[in-house]
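This is what each chain is made of:
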Amino acid sequence: MRLVTWNINSLRLRLPLLARLTSDLRPDVVCLQETKVPDPLFPADDLRALGFEHLHYSGMKGYNGVAILSRHPLEPLSDLPVWYEKADCRHVAARVLAPSGSVELHDFYVPAGGDEPDPEANPKFAHKLAFVEETARWFANRPNQRTILVGDLNIAPLEHDVWNHKQLLKIVSHTPPETERLQTWIQSGFVDAMRQFVPPEEKLYTWWSYRNRDWKASNRGRRLDHVWVTPDLLPELSGMTIVAEARDWPSPSDHVPVVLDLAE
DNA sequence: ATGGTTGGTATCCAA
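Residues numbered from 1 in each chain as written. Chains lettered and ligands numbered in written order. Predicted model: local features only at pLDDT ≥ 70, side-chain atom pairs only at ≥ 80, totals over all residues. Heavy atoms only, no water.

If you look chain A up in an unreviewed UniProt entry, it shows as Exodeoxyribonuclease III from Acetobacter vaccinii.

In structure tokens:
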């Protein structure tokens, strides 16, 4: 099974890029974040035309929004918590009935957290910290088996998940309060699937800001997008690819797709 | 220290 996670930053605007990704890589399942489309306007017909017959999504006007697109049948998980008492379309989950064995799949879009890394002064940062605490607690209190958690978690946890560790310690996405909480979350039952393929001492990015004139030349990236799996799935992992060239596609997202291959 | 760009929606907010 080939799984992709991608913060697409407007699904409707980037449907042609999703079509390109689909024809280039033939994913079985695609998890999207920042779809920015309310459910009644979700482009389901376009996605079915790309081969994704099974769709599960949660979107709202203007912001956020997550979606799972699948060639295999989905059984949505309908009783998910409302994180931070805000129904703001940051989490969907479903059981994927793949021929190689079904898996439980969670697709997250964690709050970005604003600019000021102080929960007292910045309510967005307080929201982000609380969101990660709540999700960590929830996963710690349930059995996690054959489960995959993906998404834009908006935190780069390791030193080499950012272009300059020391400089970014005070920048939201790489501050200790965030990386510590992410650590607690992953320890609720997961392992970092991307780092199974690339050692922690190697730089690894999935996002490059729009604000750099030449993203490739400056290469000031961060690994904000993640793929976690429960340890029982480790023997089935067969490959991981960051589709960095997508950052140069016409009208790109600032995030690039991450591909995980699981054995047939 | 500052500003740089993009998308959705409405002329500003969020990232």
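Once the structure has been displayed, the description carries forward.
S.K.: Give a description of the overall build of chain A that names residues and reports values.
M.R.: Scanning chain A from terminus to terminus reveals six helices and 14 strands. Its C-alpha radius of gyration of 17 Å places chain A within 12% of the 18 Å reference for a compact globule of 264 residues. Projected onto its principal axes, the C-alpha coordinates of chain A cover approximately 45 × 45 × 40 Å. The burial tally for chain A puts 55% of its 264 residues in the buried class. If you take every contact in chain A between residues at least 6 apart in sequence, the share linking residues at least 24 apart comes to 69%. Put simply, chain A shows about 11,700 Å² of open surface, and 49% of that area lies on carbon and sulfur atoms. Charged side chains of chain A number 29 positive and 36 negative; the gap between the two group centres comes to 5 Å. (Helix = DSSP H or I, 4+ residues; strand = E, 2+ residues; numbered from the N terminus. Rg over C-alpha atoms; globule rule 2.2 N^0.38 Å. Buried < 20%, exposed > 50% of the residue type's maximum accessible area, 1.4 Å probe, protein only. Contact = heavy atoms within 4.5 Å. Areas by Shrake-Rupley, 256 points an atom, 1.4 Å probe, with all protein chains shown as cover. Lys, Arg positive; Asp, Glu negative; His and termini not counted. Charge placed at Lys NZ, Arg CZ, Asp CG, Glu CD.)

S.K.: Run through the nonpolar core, naming residues and quoting values.
M.R.: Of all hydrophobic cores here, the largest spans 55 residues; its most connected members are W6, L11, L18, L32, L69, L105 and I148. Of all the elements, helix α1 (residues 15-25) adds the most residues to this core, at five residues. Counting residues in hydrophobic clusters, the runner-up holds 15 residues, among them F139, I155, I186 and W228. (Core = buried A, V, L, I, M, F, W, Y, C linked by side-chain atoms within 4.5 Å.)

S.K.: Tell me about the pairing of strand β4 (residues 66-70), and name the residues and values.
M.R.: Counting buried positions along β4 yields five of five residues, so the element is predominantly enclosed. Burial of the side chains of β4 extends over both faces: V66, I68 and S70 are buried on one face and A67 and L69 on the other. Note that strand β2 (residues 29-33) and β4 share five bridges and pair antiparallel. Across the sheet, the residue bridging to Q33 is V66, located in β4. Two strands pair when backbone bridges link them, and strand β3 (residues 54-58) and β4 are joined in this way by five bridges, in the antiparallel orientation. The residue bridging L55 from the neighbouring strand is L69, located in β4. (Pairing = 2+ DSSP bridges.)

S.K.: Break down the UniProt feature "site: Transition state stabilizer" (unreviewed entry) in chain A for me, with residues and values.
M.R.: In the numbering adopted here, UniProt assigns the feature "site: Transition state stabilizer" (unreviewed entry) to N154. Structurally, the position occupied by N154 is in the loop between β8 (147-152) and α4 (165-168). Sequence-distant contacts of N154, defined by excluding residues within four places in its chain, comprise Y109, V110, P111, A112, K128, S173, E178 and L224. Within the structure, the side chain of N154 is placed 2.8 Å from the backbone oxygen of V110, a separation counted as a polar contact. (UniProt positions renumbered as here; feature names shortened; annotations may be inferred. Polar contact = N/O pair within 3.5 Å; in protein donor to acceptor, adjacent residues only side chain to side chain.)

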